[in-house]
Amino acid sequence: MNAVASTILRIDSVAKTFGPVTAVDGVTLDVRENEFFALLGPSGCGKTTLLRMLAGFETPSSGKILLDGRDISPLPPEKRPLNLMFQSYALFPHMTVRQNLSYGLEMERLDKAEIRRRVDETLATTDLTSFADRKPEQLSGGQKQRVALARALVKRPKVLLLDEPLGALDKKLREKMQLELKRMQNEAGITFIVVTHDQEEALVMADRMAILKDGRLLQCGTPEEIYEAPSDRFVANFIGVMNFIEGRVNESGVFEAEGLRLAVVDAKSGEATLAVRPENIAIDPPGERLGGTIADIAYHGLDRVLHVKTAASPVPLQVRVPANGAADHRIGDALSLKIDPAKCRLFAGGAVAG
């Protein structure tokens, strides 16, 4: 994706209330042209309400939604150059794949030759040409998903909105379709905004992602930025696996917990929580760093996760090691752990949130 792509959609201080409940609380976001953008967060965080406001099915209580600089907030759904693809797919069961794709264009009264050209082009992009004459009942779950996507793409919206588009698929097909969806977005050259609660899905597909909680925007950035540099403890805990160690930063800028002393750059003195990913904890020879004992071992194929009891935390720390290098580790073994301060995040306060 072009790093300097222009903004196509701006969500400007948008809020939505339902009686006393604030579903979306003053969210401001820019979405770029031809970008795959993910709205991510736990159930009830406001991501689907925000998507429905973009589609026109809900009206903002305050704020604006600007498409190419034009405020589309007052426009009804059918007047917006945005398409919403629902999780249920909602295909017409009595129509073939080709007819499902043609229907929306026929309602726009386009020329028959133009309809056929655009349908053929979209069938090719979504690898559905050989299924054009089948009806939905003759398709697999993944094929139905692609038909629903093709039907949205054929109308050439400026922005395509997807609400949990892979939620109805099983895990293996879901993983395959994540890459397919990204490929199709690249080929179509259309901005995608996808709502998901699945962090792995967002990490795989998104160019950038926004993390929401209780209707508020916590952080927006690339998957790498959010994974490597979460803005707060909630984001750190929500994206991927994170170890938290509660302790205190002394006047010299050294983080201290039971059995652990770590010099952290720009640390402010006081109670603090150290956050470190399992892959960023190394195993050292005995006598160095933080001592611990293996309480459990989880096999994950390419790697193993060692759950290590230490004095620094009441919860075992998770340490990720290559599977082929962990064969000698056994439950009950003593280990010494090395934590690189450059690969940690330090959050003020001792209580781990969310």
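Residues numbered from 1 in each chain as written. Predicted model: local features only at pLDDT ≥ 70, side-chain atom pairs only at ≥ 80, totals over all residues. Heavy atoms only, no water.

## Side note on the overall build of the protein
Counting its secondary structure elements, the protein contains eight helices and 20 strands. Here the C-alpha coordinates of the protein stretch approximately 80 × 45 × 40 Å along the principal axes. Relative to its 354 residues, the protein shows a buried fraction of 49%. Long-range pairs, those at least 24 residues apart, make up 65% of the contacts in the protein with a sequence separation of at least 6. As displayed, the protein offers around 17200 Å² of accessible surface, 49% of which is attributable to carbon and sulfur atoms. The average position of the 45 basic charges and that of the 47 acidic charges among the side chains of the protein differ by 5 Å. (Helix = DSSP H or I, 4+ residues; strand = E, 2+ residues; numbered from the N terminus. Buried < 20%, exposed > 50% of the residue type's maximum accessible area, 1.4 Å probe, protein only. Contact = heavy atoms within 4.5 Å. Areas by Shrake-Rupley, 256 points an atom, 1.4 Å probe, with all protein chains shown as cover. Lys, Arg positive; Asp, Glu negative; His and termini not counted. Charge placed at Lys NZ, Arg CZ, Asp CG, Glu CD.)

## Section: the sheet that holds strand β20 (residues 344-348)
Judged by pairing direction, the sheet is antiparallel, and its five strands sit side by side in the order β13-β12-β11-β14-β20 without closing on themselves. At either margin of the open sheet sits one strand with a lone partner, and together these are β13 (260-263) and β20. On average, each strand axis in the sheet is tilted by 35° relative to the strand beside it, whichever way the strands run. Two elements, strand β12 (residues 254-257) and β13, share four bridges in a ladder whose sense is antiparallel. (Pairing = 2+ DSSP bridges. Axes fitted to C-alpha atoms, helices over the stretch in contact; angles between N-to-C directions.)

## A closer look at the environment of His329
Within the secondary structure layout, His329 lies in the loop between β18 (313-322) and β19 (334-339). A relative accessible area of 17% places His329 in the buried class. Sequence-wise, His329 and Ile297 are 32 residues apart; in three dimensions their C-alpha atoms are separated by 8.4 Å. Non-local contacts of His329, meaning those with residues more than four positions away in its chain, are made with Ile283, Ile294, Ile297, Leu306 and Leu335.

## Brief notes about the nonpolar core
Ranked by size, the top nonpolar core spans 43 residues in total, and within it Leu149, Leu160, Leu162, Phe192, Met209, Ile211 and Ile239 carry the most contacts. Sort the elements by how many residues they give to this core and helix α4 (residues 141-153) lands first, with six residues. Excluding residues within four positions of it along the chain, Leu149 makes contact with Met85, Leu160, Leu162, Leu181, Met184 and Phe192. Listed in part, the 28 residues of the second largest apolar core include Val24, Cys45, Ile65 and Leu82. (Core = buried A, V, L, I, M, F, W, Y, C linked by side-chain atoms within 4.5 Å.)

## Examining the pairing of β19
Sheet topology places strand β15 (residues 281-284) next to β19; four bridges connect them, and they run antiparallel. Residue pairing in the sheet places Ala282 in a bridge with Lys338 of β19. As paired strands, strand β16 (residues 290-299) and β19 are joined by four bridges and run antiparallel to one another. Pairing of Gly291 across the sheet is with Ser336, part of β19.

## A short note on the pattern of salt bridges
Working definition: two side chains of opposite charge can pair if their charged atoms are close together. Applying the stated criterion to the full structure yields 18 salt bridges. Here Glu114 and Arg118 are joined by a salt bridge, their closest N and O atoms 3.7 Å apart. Of this pair, Glu114 and Arg118 both sit in helix α3 (residues 112-125), separated by four residues, roughly a single helical turn. In this structure Glu114 comes out as partly exposed when scored by relative accessible area, which is 24%. The exposure class of Arg118 is buried, given its relative accessible area of 10%. Note that Arg156 is salt-bridged to Glu121, the shortest N-O span being 3.1 Å. On the criterion of sequence distance, the pair formed by Arg156 in the loop between α4 and β7 (159-163) and Glu121 in helix α3 is long-range, its members being 35 residues apart. Residue class for Arg156 comes out partly exposed when judged on its relative accessible area of 40%. (Salt bridge = Lys/Arg side-chain N within 4 Å of Asp/Glu carboxyl O.)

## What about helix α5 (residues 171-188)?
For α5, spanning 18 residues, the distance from its first C-alpha to its last is 25 Å, which sits close to the expected 26 Å at 1.5 Å a residue. Here α5 has its buried residues at Arg174, Met177, Gln178, Glu180, Leu181, Lys182, Met184 and Gln185. In the segment just after α5, Gly189 is the residue with positive phi, at about 65°. (Expected span 1.5 Å × (residues − 1).)

## As for the packing of helix α2 (residues 97-107) against α3
Following both chains from N to C, one finds α2 and α3 inclined at 130°, their axes separated by 10 Å at the closest point. Overall, the two elements α2 and α3 adopt an arrangement that is oblique. The two elements α2 and α3 meet at a crossing, and its hand is right-handed. Residues Val97, Arg98, Leu101, Ser102, Leu105 and Glu106 of α2 pack against Ile115, Arg116, Arg118, Val119, Asp120, Thr122 and Leu123 of α3. (Parallel < 35°, antiparallel > 145°, perpendicular 65-115°, else oblique. Left-handed = near helix turned anticlockwise from the far one by under 90°.)

## Examining the layout of surface pockets
One number sums up the size of the largest pocket: a volume of about 680 Å³. As for the largest pocket, its lining consists of 27 residues, and the residues nearest its centre are Leu82, Asn83, Leu84, Phe86 and Lys155. If you tally residues by element for the lining of the largest pocket, the top one is α2, at five residues. For the lining of the largest pocket, the per-class residue count stands at 19 nonpolar, three polar and five charged. Taken as a whole, the second largest pocket holds about 250 Å³ of empty space. Forming the walls of the second largest pocket are Gln199, Glu200, Leu203, Tyr227, Gly240, Val241, Pro278, Glu279 and Arg320. (1 Å grid on protein atoms, 1.4 Å probe; cavity = no way out; pocket = protein on both sides within 12 Å on 5 of 7 lines; lining within 4 Å. Points joined across faces, edges and corners; volume = space filled by probe spheres on them. Nonpolar A, V, L, I, M, F, W, Y, C, P; charged D, E, K, R; others polar.)

## Considering the environment of Asp68
In this structure, Asp68 sits in the loop between β4 (62-67) and β5 (70-71). Its relative accessible area of 44% is what places Asp68 among the partly exposed residues. Taking C-alpha positions, Asp68 is 9.4 Å from Ser6, a pair spaced 62 residues apart along the chain. With sequence-adjacent residues up to four places away left out, Asp68 is seen in contact with Ile8 and Lys158. Only 2.5 Å separates the side chain of Asp68 from the side chain of Lys158, close enough to count as a polar contact. (Polar contact = N/O pair within 3.5 Å; in protein donor to acceptor, adjacent residues only side chain to side chain.)

None of the figures reported here should be taken as evidence of function without further support.
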